[in-house]
Amino acid sequence: MSRLSPASLLIVGAFMVPLFIELPVVLSFVGVNLPMEVSLGMGVVAFAMVLVWSEVSEKPEAADA
Amino acid sequence: MSTPGETAGETVESAREMLPDNSFLIQYPHVSRVVRSLFLTAFVAFGIGAFMGVLQALHRTGIARIVESADYYTFLTLHGVLLAIVFTIFFLAGVFTWANTRSLDRPPVSKRFTWFWVVTMSAGTAMAGIAMLAGLLPSIDISADVLFTFYAPLQAHPIFYIGLAVFVIGTWLAGIDWFRQFLAWRREHPDERIPLQSFMVLTTMIMWFIATLGVAVEVVVFLIPWSLGIMPAPNPLLTRTLFWFFGHPIVYFWLMPAYLLWYTVLPKIAGGRLFSDPLARVVFVLFLLLSTPVGIHHQYLDPGIAEGFKFIAMTNTMFLLLPSLLTAFTVVASIEHGARQRGGTGYFGWLKALPWRDPAFTGMALAGLMFAAGGFSGMVNAGMNINYLVHNTLWVPGHFHLTVGTAVALSFMAGAYWLVPRITGRKLYSRPIGLFQVVLWFVGMVFMSAAMHRGGLAGIPRRTAEPQYPQVAFETVAGSVGSLRLQLAFGGVLLFVSALLFLMNVGLTAMNNKPARGLDSALPPALSGPEQSPTVLDNLKLWALIAVVLVILAYSLPLYSIVQGAGLYPAGQEASPAVIAPLLEVIA
Amino acid sequence: MHVHNYEKLWLGASLLLIVGFISTIVYGAAGAGITMVNDEGGQVNPKELGNTSGFDDPGVTKVGPNEYEVHIVALQFAFQPGTVELPANSTVTFYVTSRDVVHGFEVAGTNANTMVIPGEVSQITVEFDEPGEYGIVCHEYCGAGHHSMAAELIVREPSNFTMQDDTQTPTSGNETTNATATPTGGESA
Ligand code: HEM
Ligand SMILES: [Cu+2]
Ligand SMILES: [Cu+2]
């Protein structure tokens with residue numbers, strides 16, 4: 001069984017969008033140049049990780065392996 | 001909201017008997033009908049406006065130019081008028097009619113009068129709509145490509161201005177209707193506190209009566225006679241100032257029905273109670289007092305207005321932050337209370353206990369969150385000198401798509417998911433689609449509005465069909481202009497899809513044969529009730545008087561000096577395009 | 001009236017924030033000397049710009065060792081002149097007005113920005129420290145060709161800057177639409 005319901009995934013995913021859109025701007029203040037495309041790509045990867053975690057985390061050993 | 005077929009009608013009719021006696025539809029079938037017809041107009045305007053929105057997003061970014069760039073401005077006028085004036089105000093009228101009736105527990109005084117203002121508002125809308133649409137047909141000599149901030153010397157056809165005047169008169173009549181309903185209640189309950197929802201309706205309407213005086217003078221005294229060719233072109237700065245006299249408070253006219261939903265409906269959906277009734281009243285009184293004497297903050301960059309007047313507007317604007325900050329507190333506190341009632345615990349853990357699956361809740365919560373972001377970009381706009389960096393750039397639509405385009409529009413959509421079953425007796429067609437739709441709006445708006453804010457900082461102007469110039473290279477902070485364009489267009493497409501899903505979901509709800517259940521119309525009482533607040537808060541005459549005095553203080557000198565400067569009808573002003581002749585042809 | 005303690009705290013913090021904002025702006029306006037567009041530009045007759053001093057011959061005028069005035073006429077759908085050249089490290093006062101409808105005047109990406117209203121003169125003073133090329137756009141919708149209304153501003157190294165005679169400019173009057181200024185002749189600044 002997945003840990004997060006489709007509705008929770010939707011909402012978690014939605015909250016990640018502003019984070020990864022604003023990340024390059026925040027970084028530009030400290031002089032780091034992160035292209036927007038890379039940041040959004042990182043967002044997709046992060047969401048995929050949440051998705052995987054949600055599916056397998058029922059068995060903590062499996063997640064460690 | 002179409003009428004159901006014969007058999008469908010019967011299911012719902014018989015199911016209606018299963019609704020509790022105190023459900024709104026059973027108690028007030030006629031008022032429910034009024035609200036349904038107002039919502040119908042609001043949603044039609046919303047659909048057309050959203051379509052214009054996606055066209056604009058694709059056009060100005062150069063992704064797809066379906067229309068001529070010269071027609072872009074006709075579409076933009078339609079977008080602004082249909083969404084910021086028709087959608088918002090018709091929905092407001094529906095919510096206020098519902099809220100005033102529900103909280104006073106009595107119907108409006110006269111059915112005829114109610115329908116009279118509904119028809120007046122609709123007729124005005126139709127006239128203005130015809131004038132705008134005719135701009136797309138070169139064969140007809142009518143146009144209104146003046147955007148929703150119609151000031152001279154850009155000129156629209158008289159039908160546009162007359163339509164707007166009729167529409168505003170319709171809203172005045174609506175306000176009178178709600179006041180009569182209140183006075184009738186008052187006769188029966190001489191010593192009671194004004195019920196909270198009705199209090200919100202009445203204070204908002206007093207604010208509206210004061211605010212619309214500016215636009216009424218602009219349109220009736222100057223623009224209509226000028227567009228008919230009876231009077232010369234008015235002082236452009238004067239028409240701008242009169243417009244913004246009304247143009248800022250209209251912002252709060254959009255927002256107040258959303259606040260009404262946040263204060264009174266959202267706590268119920270979250271499973272809790274409003275934190276404080278007195279504070280809610282204070283907030284609405286503050287909006288009544290401060291909404292109007294700030295309009296000059298839209299004219300920080302106008303020549304012909306002394307710095308001191310701009311400064312006064314700026315100070316008032318900053319104080320106008322106060323009621324919104326108080327609202328943030330009360331709403332979050334009420335939701336948290338709800339979450340704890342539902343078993344939520346911990347510092348942040350209670351967030352998990354909220355009804356996130358309910359599109360009505362999630363929509364309003366996301367709307368509130370975006371409003372916080374919109375508040376920050378609004379503070380930049382309000383800052384008299386930082387404003388120079390962003391005035392009239394894409395930053396500004398970026399800002400107000402967070403506020404009116406999301407805080408208001410998304411709250412209205414979420415509110416509709418809750419309210420439409422209550423005025424139709426039909427079950428919401430699909431909750432999952434509703435949830436997906438409100439989240440999609442949020443995501444689409446993050447994309448579109450972030451790109452707009454950034455484009456604005458680079459100096460990309462708003463209201464421009466092709467903001468790509470041989471002479472100008474825009475420099476952005478993070479990401480290229482090209483990627484900003486993609487983001488803007490992508491967000492616009494998501495928003496449009498979300499709007500379609502909403503309309504579909506509401507349309508199918510209106511035709512749904514499954515009856516709604518458990519539509520108790522009572523709202524839970526506040527944790528601190530009205531008895532905790534001083535009765536002076538309910539003294540509407542006093543607040544109206546103070547509001548008028550503040551407006552006179554803020555506006556009499558600037559208006560006087562503008563008229564002193566260039567006069568009412570300065571020499572050398574000319575209409576563009578001139579549309580005097582066509583009217584006579586149309587009549588003939 | 002009963003007010004919860006948290007409410008009081010929040011109210012106090014909110015008021016502090018607001019007063020803070022107002023003070024920064026007061027400081028910005030009074031202390032750091034950021035000037036605003038105000039009513040100092042005065043009024044003109046938009047149909048008589050050809051006979052109005054400054055606007056009869058729009059362009060750059062030198063008025064002091066490091067000070068320049070630039071008169072600009074906005075019209076559907078161009079700025080006059082279409083190219084403005086200035087030396088870096090100079091203080092420049094723009095006088096902008098419109099011949100027809102309301103326009104905007106914005107040096108893209110900077111805070112040199114004003115509305116341009118027919119009958120009123122917008123006066124803004126700007127300091128250009130760095131050489132570079134800037135775009136000027138009209139940011140107020142002014143009619144069907146609004147999106148083609150732009151001009152350019154070139155800030156040159158003072159050593160590279162030459163301009164027309166600062167007292168008399170012999171070239172075209174305001175009859176030229178879409179004018180491009182001629183960056184030649186005259187003495188060097
Ligand atoms: C499908 C969703 C929407 C999309 C894709 C969209 C897109 C846009 C875009 C791209 C602009 C800027 C045009 C320009 O300055 O050149 C704009 C302007 C505007 N939008 Fe939206 N919008 C949407 C929904 C809304 C909503 C819900 C509202 C308000 C309730 C709204 C109110 C406005 C207003 C008032 C303007 C300014 C019009 C003007 O400058 O005269 N929009 N919209
Ligand atoms: Cu405003
Ligand atoms: Cu323009």
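How each quantity is defined
Residues numbered from 1 in each chain as written. Chains lettered and ligands numbered in written order. Predicted model: local features only at pLDDT ≥ 70, side-chain atom pairs only at ≥ 80, totals over all residues. Heavy atoms only, no water. UniProt positions renumbered as here; feature names shortened; annotations may be inferred. Helix = DSSP H or I, 4+ residues; strand = E, 2+ residues; numbered from the N terminus. Buried < 20%, exposed > 50% of the residue type's maximum accessible area, 1.4 Å probe, protein only. Contact = heavy atoms within 4.5 Å. Donors = N, O, S within 2.8 Å, 3.2 Å for Na, K, Ca; no water. Tetrahedral: all angles 85-135°; square planar, octahedral: opposite > 155°, others 65-115°. Buried area = accessible area lost by both parts, 1.4 Å probe. Salt bridge = Lys/Arg side-chain N within 4 Å of Asp/Glu carboxyl O. Nonpolar A, V, L, I, M, F, W, Y, C, P; charged D, E, K, R; others polar. Pairing = 2+ DSSP bridges. Axes fitted to C-alpha atoms, helices over the stretch in contact; angles between N-to-C directions. Parallel < 35°, antiparallel > 145°, perpendicular 65-115°, else oblique. pLDDT = per-residue confidence, 0-100. Near = heavy atom within 4 Å. Polar contact = N/O pair within 3.5 Å; in protein donor to acceptor, adjacent residues only side chain to side chain. 1 Å grid on protein atoms, 1.4 Å probe; cavity = no way out; pocket = protein on both sides within 12 Å on 5 of 7 lines; lining within 4 Å. Points joined across faces, edges and corners; volume = space filled by probe spheres on them.

Looking at an unreviewed UniProt entry, one finds chain C named Cytochrome C oxidase subunit II and attributed to Halorientalis pallida. In UniProt, chain C has this text filed under Subcellular location (unreviewed entry): "Cell envelope".

Student: I'd like to hear about the overall build of chain C, residue by residue, with values.
Tutor: Along its length, chain C carries one helix and ten strands. Along the chain direction, N to C, the helices and strands of chain C fall in the order α-β-β-β-β-β-β-β-β-β-β. Looking at chain C as a whole, 48% of its 189 residues qualify as buried. Sequence separation of 24 or more characterises 64% of the internal contacts of chain C that already satisfy a separation of 6 or more.

Student: Describe the coordination of the iron atom of ligand 1, and please don't skip the residues or the numbers.
Tutor: All names here are of chain B. With distances of 2.0 Å, the protein atoms coordinating the iron atom of ligand 1 are His79 (NE2) and His401 (NE2). Geometry at the iron atom of ligand 1 is octahedral, judged from the six donor atoms that bind it and their angles of 86 to 179° at the metal. Taken as a pair, His79 in helix 4 (residues 72-104) and His401 in helix 15 (residues 395-424) lie far apart in primary sequence, 322 residues in all. Each of the two residues, His79 as well as His401, counts as buried.

Student: Give me the coordination of the copper ion (ligand 2): which residues, what numbers.
Tutor: Within the protein, the atoms that donate to the copper ion (ligand 2) are B:His248 (ND1), B:His297 (NE2) and B:His298 (NE2), at distances of 1.6 to 2.1 Å. Of note, the copper ion (ligand 2) draws all its donor residues from one chain, in the sequence arrangement H-x48-H-H.

Student: Tell me what's going on with the interface of chain C and chain B, and back it up with residues and numbers.
Tutor: With 61 residues of chain C at the interface, the matching set in chain B holds 71 residues. Carbon and sulfur atoms supply 68% of the area that chain C and chain B bury against each other, a total of about 5500 Å² over both sides. When the area that chain C buries against chain B is broken down by residue, the three leading residues are C:Met36, C:Tyr141 and C:His147, summing to 14%. Between C:Glu140 and B:Arg463 there is a salt bridge, with the nearest N and O atoms lying 4.0 Å from each other. In terms of residue count, the dominant contributor to the side of chain C that touches chain B is helix 1 (residues 5-31) of chain C (14 residues). Residues belonging to the side of chain C that touches chain B are distributed by class as follows: 33 nonpolar, 20 polar and eight charged.

Student: Can you explain the sheet that holds strand 9 (residues 132-137) of chain C? Please cite residues and give values.
Tutor: Within a sheet, neighbouring strands are paired by backbone hydrogen bonds and run either parallel or antiparallel to one another. Residues and elements named next belong to chain C. The five strands lie next to each other as 4-10-9-6-7, forming an open sheet whose pairing is mixed. In this open sheet, the two edge strands, each paired with only one partner strand, are strand 4 (83-87) and strand 7 (113-116). Across the sheet, the mean angle from the axis of one strand to that of its neighbour is 20°, orientation sign disregarded. Sheet topology places strand 4 next to strand 10 (residues 150-156); five bridges connect them, and they run parallel. Looking at strand 10, one finds that Val84 is bridged to Leu153.

Student: Any chance you could break down the packing of helix 15 of chain B against helix 17 (residues 481-510) of chain B for me, citing the residues and the numbers?
Tutor: The angle between the axes and the distance between the axes are what describe a pair of packed helices. Residues and elements named next belong to chain B. Between helix 15 and helix 17, the shortest axis-to-axis distance is 11 Å and the interhelical angle comes to 10°. Taken together, the axis directions place helix 15 and helix 17 in an arrangement best described as roughly parallel. Each of Met413, Ala416, Tyr417 and Val420 in helix 15 lies in contact with helix 17, whose residues at this interface are Phe502, Asn505, Val506 and Thr509.

Student: Summarise the confidence of the model for chain B; cite the residues concerned and give the values.
Tutor: All names here are of chain B. On average, residues of chain B carry a pLDDT of 90, and 95% of them reach 70 or more. Low pLDDT (under 50) marks residues 1-10, which in the prediction has nine contacts with non-local residues, meaning those over four places away or in another chain. A low-confidence stretch, residues 580-588 (pLDDT under 50), is modelled with ten contacts involving residues beyond four sequence positions or located in other chains.

Student: So what about the site of ligand 1? Which residues, and what values?
Tutor: All names here are of chain B. Close contacts around ligand 1 come from 27 residues, with Arg60, Tyr72, His79, His401 and Arg463 the closest. At 3.5 Å from a nitrogen atom of ligand 1 is found a side-chain nitrogen or oxygen belonging to Gln56. Separating an oxygen atom of ligand 1 from a side-chain N or O atom of Tyr72 is a distance of 2.6 Å. Of all the elements in the fold, those that place two or more residues in the shell around ligand 1 are helix 3 (29-60), helix 4, helix 15, helix 16 (431-457) and helix 17. Sorting elements by how many residues they give to the shell around ligand 1 places helix 3 first, with six residues. Class assignment of the residues belonging to the shell around ligand 1 gives a composition of 17 nonpolar, seven polar and three charged.

Student: Hey, could you go over the pattern of salt bridges for me, with residue numbers and the actual values?
Tutor: All names here are of chain B. All told, the structure shown has nine salt bridges over all chains when counted by the stated rule. Here Glu336 ties to Arg340 by a salt bridge, and the two come within 2.6 Å at their closest N and O atoms. Of the two residues, Glu336 and Arg340 both sit in helix 12 (residues 321-341), four residues apart, roughly one turn of that helix. Using a relative accessible area of 25% as the deciding quantity, one classes Glu336 as partly exposed. Ionic contacts of the salt-bridge type, sharing partners, join the residues Arg193, Asp277, Arg281 and Asp538 into one network.

Student: Outline empty space enclosed by the protein, listing residues and values.
Tutor: All names here are of chain B. Taken as a whole and assessed by the stated rule, the structure comprises five cavities of 30 Å³ or more. Considering only enclosed or pocket space, the largest cavity measures out at about 80 Å³ in volume. Elements that contribute at least two residues to the lining of the largest cavity include exactly helix 16 and helix 17. Broken down by class, the residue content of the lining of the largest cavity amounts to seven nonpolar, two polar and two charged.

Student: A description of the arrangement of the chains should follow, citing residues and the corresponding values.
Tutor: When the two pairs of chains in contact are ranked by number of contacts, first place goes to chains B and C. Nothing in chain A touches chain C, and the closest approach of their C-alpha atoms is 17 Å.

Student: Outline the interface of chain B and chain A, listing residues and values.
Tutor: The accessible area lost on association of the parts is a frequent measure of interface size. Counting residues at the interface gives 18 residues for chain B, matched by 16 residues for chain A. Counting each side, the surface lost to burial between chain B and chain A is near 1400 Å², with a carbon and sulfur contribution of 83%. A salt bridge links A:Glu22 to B:Arg454, with the nearest nitrogen and oxygen atoms 3.6 Å apart. At the boundary of chain B with chain A, the tally comes to two residue pairs in polar contact (both at pLDDT 80 or more). Every element with two or more residues in the side of chain B that touches chain A is listed here: helix 13 (359-382), helix 16 and helix 17 of chain B. It is helix 16 of chain B that contributes the most residues to the side of chain B that touches chain A, nine residues altogether. Considering only residue class, the side of chain B that touches chain A consists of 13 nonpolar, three polar and two charged.

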